[in-house]
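Descriptive analysis of the structure
Each chain, written out:
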Amino acid sequence: MGTLTLRPGGTLAATKLPAAARGLFRRLRYAGAPIGLLFALALAGCDEKAQSRAGGPPPPSVTVAQPVKRTVTDWDEFTGRFEAIEEVQVRARVGGFVNSVEFKDGAIVHAGDLLYIIDPRPFEAVKLQAEGQLADARAKEELAKRELDRGLTLVQTSAVSEQVVDQRRQALQAAHAAETQAEGTLKAAQLNVEFTNVVAPITGRVSRHLVTPGNLVQGSESGATLLTSIVSLDPIYIYFDVDEATYQRNSKLWFEGRRPSSRDTANPVRVALTGETRPSHEGKMDFLDNRLDVSTATLRSRAIIPNKDLSVLPGQFGRVRIIGSSPYEALLVPDTAIATDQSRKIVFVVKDDNTVEARAVVLGPLDDGLHVIREGLKAEDHVIVDGLQRARVGAKVTPKMAQAPAGGKAPAVPADKALAGDKPAAGAKP
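For the structure given in this document, a descriptive report is provided here. (Residues numbered from 1 in each chain as written. Predicted model: local features only at pLDDT ≥ 70, side-chain atom pairs only at ≥ 80, totals over all residues. Heavy atoms only, no water.)

A short note on the pattern of salt bridges
We apply this condition: The term salt bridge refers to a side-chain nitrogen of Lys or Arg lying within 4 Å of a carboxyl oxygen of Asp or Glu. Helix and strand assignments come from DSSP, with helices taken as H or I runs of at least 4 residues and strands as E runs of at least 2, each series counted from the N terminus. Any residue under 20% of the maximum accessible area for its type is buried, any over 50% is exposed, and the rest in between are partly exposed; the area is computed with a 1.4 Å probe on protein chains only.
Scanning the entire structure with this criterion turns up 16 salt bridges. A salt bridge links Asp-136 to Lys-140, with the nearest nitrogen and oxygen atoms 3.3 Å apart. One end of the pair, Asp-136, and the other, Lys-140, are both in helix H3 (residues 121–155), four residues apart, so they sit about a helical turn from each other. Judged by its relative accessible area of 40%, Asp-136 falls in the partly exposed class. Residue classification places Lys-140 among the exposed positions, given a relative accessible area of 52%. Its salt-bridge partner being Asp-381, residue Arg-359 comes within 3.1 Å of it at the nearest N-O pair. In this pair, Arg-359 sits in strand S22 (residues 356–367) while Asp-381 sits in the loop between strand S23 (370–375) and strand S24 (383–386), placing the two residues 22 residues apart along the sequence. Taken individually, Arg-359 and Asp-381 each receive the classification buried, so the pair is uniform in this respect. Overlapping salt bridges, with partners in common, bring together Glu-77, Arg-319 and Arg-321 in one network.

Next up, the structure:
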């Protein structure tokens, strides 16, 4: 509180006043202001200082939560592209004019469904001709067989010579060869008639028709006309490239018996499509290449994904997650509680005296909205999860405990899928 002192000579001095009030007091005193006005100014300065002490704002309110402790499994994440397991380019196998298109563009077709009809009349005529040639060959064979039988009977009585018998035996063999040739010609003609009905070789989704009725198509092997294409959809492959560092780490875990190899174990994978924040499809590993790409130092890998609703199409991108560790106990905090200080990641912790402390942490993977904290936190710490903008390091805050931690719980990996259990044999390759 301010103090007024009456000095000898009738002058008035003021002490313990706010700086602004002291300056105004001096100017009024030198100007010869009345003592009553100076007393009023001193009292006003005292009231102002008292009000500033009593009316200060309370510490800001923040929401805190303790780290979540649970068993987690690290997942490695890669960008992949979906590809069909089966893909067929449907081409004409015989030449001719297209009579009709028997499918709807973009529809699901099944193996054996009719797609195109090519004018079969020229091929049916060739088939009839082949059937006639076969009948003629069979008749000649039958005649040659009878003549041979008679010759064999007559040669016993020396009515015919052995030379005649040999000639008739050769004639029978020639007739039999002619019959075989006629049968082959007939089968080829029948196939050509069959090929005029272009059917789907696999089950899948058909593309648009590339040839309309009335057009002439070629059926030669070198220049067969492309009619449409079909891709299978369920299941579907997703290809992705694993970097060399991740491959080395997973190999080490495999040799230690802490992670199964994807070469001999169908390790589980999860796939999130473009625009999705959480994986929406689950599958299993299906293939690892036998060498790394020398230009990119990556290993081509493949997973197979069920696609019952046929919503995923070949060519789409996806984020592939595959297990990268054995299950372990970890502390997790919401991703919103983590701040960046230049190159460090920090969280703000409220100590027992309600002051704020910045704590540097080492982050693990993001697990369904919660970040794994590898170093820097203890289970009993109170981390600020809401109100970071109001917190200042070293200043007091009013903490409020959160009702529940942000982020959901990620589904656990079954033990039989997360760990192989047996140590790999020596000399084997991951």
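So that's the structure; there's more coming.
Observations concerning helix H5 (residues 244–255)
Going by this rule: Multiplying one less than the number of residues by 1.5 Å gives the expected span of a helix. We define a polar contact as two N or O atoms separated by no more than 3.5 Å, with the added condition that, inside protein, one atom must be a possible hydrogen donor and the other a possible acceptor, whereas residues neighbouring each other in sequence contribute only through side-chain atom pairs.
With twelve residues, H5 extends 16 Å from end C-alpha to end C-alpha; this agrees with the ideal 16 Å at 1.5 Å per step. A distance of 3.3 Å separates the backbone nitrogen of Ala-245 from a side-chain oxygen at the start of H5, and that oxygen is part of Asp-243. Gly-257, located one to two residues past H5, shows a positive phi value of around 75°.

Re empty space enclosed by the protein
Using a probe with the size of a water molecule, rolled over the atoms, empty space left in the structure can be pinpointed. Rules: Computed over the protein atoms alone on a 1 Å grid, cavities are sets of points where a 1.4 Å probe fits but cannot get out and pockets are open sets with protein on both sides within 12 Å along at least five of seven lines; a residue lines them when it has an atom within 4 Å of a point. Grid points are joined across faces, edges and corners, and a volume is the space filled by probe spheres set on the points. Just so you know the grouping, Ala, Val, Leu, Ile, Met, Phe, Trp, Tyr, Cys and Pro go in nonpolar, Asp, Glu, Lys and Arg go in charged, and all remaining residues, Gly too, go in polar.
One pass over the structure, following the stated rule, counts two cavities of 30 Å³ or more. Estimates place the volume of the largest cavity at around 170 Å³. Tallying contributions element by element places H5 first for the lining of the largest cavity, with five residues. Its boundaries defined by the atoms lining it, the second largest cavity holds a volume of some 40 Å³. Along the wall of the second largest cavity there are ten residues; nearest its centre are Gln-66, Pro-67, Leu-332, Val-333 and Pro-334. Residue assignment for the lining of the second largest cavity shows that the elements contributing at least two residues are strand S19 (328–334) and S24. Per-element accounting of the lining of the second largest cavity gives the leading share, three residues, to S19. When the residues that make up the lining of the second largest cavity are grouped by side-chain class, the tally is nine nonpolar, one polar and no charged.

What to know about the sheet that holds strand S15 (residues 268–273)
This is how the line gets drawn: Between any two strands, at least two bridges found by DSSP are needed for them to pair. Only C-alpha atoms enter the line fits that serve as axes; for helices the fit covers just the stretch in contact. Angles between N-to-C directions range over 0 to 180 degrees.
Strand order in the closed barrel made by the six strands is S5-S14-S17-S16-S15-S18, with antiparallel pairing throughout. Taken pair by pair, the neighbouring strands of this sheet meet at an average axis angle of 40°, ignoring direction. Two elements, strand S14 (residues 236–243) and strand S17 (residues 298–305), share eight bridges in a ladder whose sense is antiparallel. Looking across to S17, one finds that Val-242 is bridged to Leu-299.

Looking at unusual backbone geometry
With omega at -5°, the peptide bond leading from Asp-234 into Pro-235 counts as cis. If you trace the backbone, Pro-235 turns up in the loop between strand S13 (226–231) and S14. Not every positive phi belongs to a glycine, and Ala-297 is a case in point at roughly 55°. Exposure remark for Ala-297: the relative accessible area of 30% places this residue in the partly exposed category. You will see that Asn-354, though not glycine, has its phi angle at about 65°, which is positive. By secondary structure assignment, the location of Asn-354 is in the loop between strand S21 (344–350) and S22.

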